[in-house]
Amino acid sequence: MSPPVAPPGWSRWLVPPAALSVHLSIGQAYAWSVFKPPLESALGLSGTQSALPFQLGIVMLGLSAAFGGTLVERNGPRWAMTVALVCFSSGFLLSALGAFLEQYWLIVLGYGFVGGIGLGIGYISPVSTLIKWFPDRPGMATGIAIMGFGGGALIASPWSAQMLESFGGDSSGIALAFLVHGLSYAVFMLLGVLLVRVPSSAPGARGTARPLTGPQVSANQAVRTPQFWCLWIVLCMNVTAGIGILEKAAPMITDFFADTSTPVSVTAAAGFVALLSAANMAGRIGWSSTSDLIGRKNIYRVYLGVGALMYALIALFGDTSKPLFVLCALVILSFYGGGFATVPAYLKDLFGTYQVGAIHGRLLTAWSTAGVLGPLIVNWIADRQEEAGRHGASLYGMSFVIMIGLLVVGFVANELVRPVDPRHHIPAQREAAHVQRQQSESA
C-alpha cells in the first residue's frame, strides 16, 4: 500500500484529525481498570491476574513499535493505520469469545497479544508524518495526535461502565461489551485510514516535504548513543510512575477511602478514571506545546521532579483528603501524558527527522518495560499487603515510595542528555539521497 500523497491545496490541519481517530480508539487501553473488578468477580481472578491483558498489551505495544518502526517509515501511515485497525479490533473480538467461553487465556491472547500489536503500530503510525507536516511546531503537532491516546479512556471509561451496567458484569455481559468495542472502533479507525495523507515533494506545492536540516542520525546509529539510552530511562521511569496509578485507578481510589465516612462508589470510581484520562489528554497537548517554548530538557525536569513531589503528597496525606488525592493524581497523569507527547520532539531535536519514526518505535520498548513494572509493583505489593491483613491506603504506601525513587532516577538521566556526537551523524550525501528517494516515491 503506497503512502497517499496530498494533492495541491491540501490543508495540513486535516492530518491531526486522521491521527486522532486512531489514537482515540487505541487509547481505550487506559480504561482497562473498568473491566478489572467484573473480570475478577466473573472469572475468580486476583488483581495481579486481571492486570495481565493490559500488561501484555503494553509489552506488545513497545515490541511491535520497535520492530515495526522501519516498516511504518517505509510503507507510510495508511498501511500502518490499516494494520492497527485489523489487530486492535480483532483483539477485542477474540476477547469477547474468551469471556463468553470463560477462557481467560483467550482474553490475554486477544486483548494483550493481538490487540497490543495494534496498539504499537497505531501509536507510531502518524508520528513522522506529523513532524514532516509541522516542522515548525513538532511538539504541538505530535501532542495534538498523541493526546488522543491519553483521551481515549475519557470516552471509553464511562462508555464501558454503562455497557457493563446494561449488559451485566457476568461473563456474557463482559463478552458483549468487548464485541461492541471491537466493531465500533473498527468503524472509527477507518476514518483515519481514509483521511491521512503525506506531504507532496513537488516543488512549490503546499505541504512540500522539506530537505533535511541539522544533524541527522539513523535508527541503527541512534541506539548506539548514550542519548538514546538516557531518554529510554527517562521515558521508562516517567511511564512506570504514571501507569502504576492508571492501571489500578478505579480500585485504588475505592481502597483509599473505603474506611472513611464517604466511601467511593463504583460510578464515582469510573468518573475518576475519566478525569485521569482528561488530565492525560490535556497534558499531552499542553505540556508538549510548552516544550516548544521552554525546551525539552526543562519540561522533563518538571515531569520528573514535580511528579516525585506529587507522589510524596499522596503517600503522606492522600487518605485524609479526596481533593488532594485527586489533584495530585491528575498532575501525575498530566506529566505522564506530556512525557509521551514530548518525546518525539525530543528525539527530533537530538537525532533529526531522517528516521525519527523508527527511532521513536525503538524507544517505546521503554514503555513495554514500564507496562510490566508499574502494574506489577502496585498490584503485587497491594496483594501482599492484603494477605498480611492490611487494607485501605496502607495497601499502596510502599508502592508510592518506590515510584518516587524511580522518578529521581529519571531526573538524573535527563540531566545527562547532551547533543549527539557528530561521529553518529549520517553523511550529507546520504541525506541528499534520502530526499531524492522521497521525491521519487511521491512522484
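Residues numbered from 1 in each chain as written. Predicted model: local features only at pLDDT ≥ 70, side-chain atom pairs only at ≥ 80, totals over all residues. Heavy atoms only, no water.

An unreviewed UniProt entry lists the protein chain under the name MFS transporter, with Streptomyces swartbergensis as the source organism. Regarding the protein chain, the relevant UniProt record gives this comment under Subcellular location (unreviewed entry): "Cell membrane". (UniProt positions renumbered as here; feature names shortened; annotations may be inferred.)

Peer 1: How would you sum up the overall build of the protein chain? Please name residues and give values.
Peer 2: The helix and strand inventory of the protein chain stands at 19 helices and zero strands. Since a compact globule built from 443 residues should have a radius of gyration of about 22 Å, the 21 Å found for the protein chain is in line with a globular shape. Expressed along its principal axes, the backbone C-alpha trace of the protein chain runs to roughly 65 × 45 × 30 Å. Buried positions account for 57% of the 443 residues belonging to the protein chain. When contacts within the protein chain are restricted to residue pairs at least 6 apart in sequence, those whose partners lie at least 24 apart make up 84%. On the protein chain, the mean spot of the 24 positive side-chain charges and the mean spot of the 19 negative ones are 15 Å from each other. (Helix = DSSP H or I, 4+ residues; strand = E, 2+ residues; numbered from the N terminus. Rg over C-alpha atoms; globule rule 2.2 N^0.38 Å. Buried < 20%, exposed > 50% of the residue type's maximum accessible area, 1.4 Å probe, protein only. Contact = heavy atoms within 4.5 Å. Lys, Arg positive; Asp, Glu negative; His and termini not counted. Charge placed at Lys NZ, Arg CZ, Asp CG, Glu CD.)

Peer 1: How would you sum up the domain arrangement of the protein chain? Please name residues and give values.
Peer 2: Bring the parts together and some accessible area is lost; that lost area is often taken as the interface size. Once the domains are mapped, the protein chain shows domain 1 (12-195) and domain 2 (219-424). Across the boundary between the two partners, domain 1 contributes 44 residues, which contact 44 residues of domain 2. In this assembly, domain 1 packs against domain 2 so that about 3,600 Å² is buried in total across both faces, 68% of it on carbon and sulfur atoms. Linking domain 1 to domain 2 there are zero salt bridges. (Domains from an automatic or database assignment. Buried area = accessible area lost by both parts, 1.4 Å probe. Salt bridge = Lys/Arg side-chain N within 4 Å of Asp/Glu carboxyl O.)

Peer 1: Can you explain a nonpolar patch on the surface? Please cite residues and give values.
Peer 2: On the surface, L93, F167, L176, L179 and L183 cluster together to form a nonpolar patch covering roughly 390 Å² of accessible area. The greatest single-element share of the nonpolar patch, amounting to three residues, is contributed by helix α9 (residues 171-195). Along the chain, L93 falls in helix α5 (residues 77-101). By relative accessible area, which is 36% here, L93 ends up partly exposed. (Patch = residues over 30% accessible without salt bridge, like charges linked within 9 Å, V, L, I, M, F, W, Y side chains within 5 Å. Areas by Shrake-Rupley, 256 points an atom, 1.4 Å probe, with all protein chains shown as cover.)

Peer 1: Before we move on, could you go through α5 and cite the residues and values that matter?
Peer 2: Taking 1.5 Å of rise per residue, the 25 residues of α5 would be expected to cover 36 Å, and the 36 Å separating its terminal C-alpha atoms lies within 8% of that figure. Of the residues flanking the end of α5, it is E102, one or two places downstream, whose phi is positive at about 60°. (Expected span 1.5 Å × (residues − 1).)

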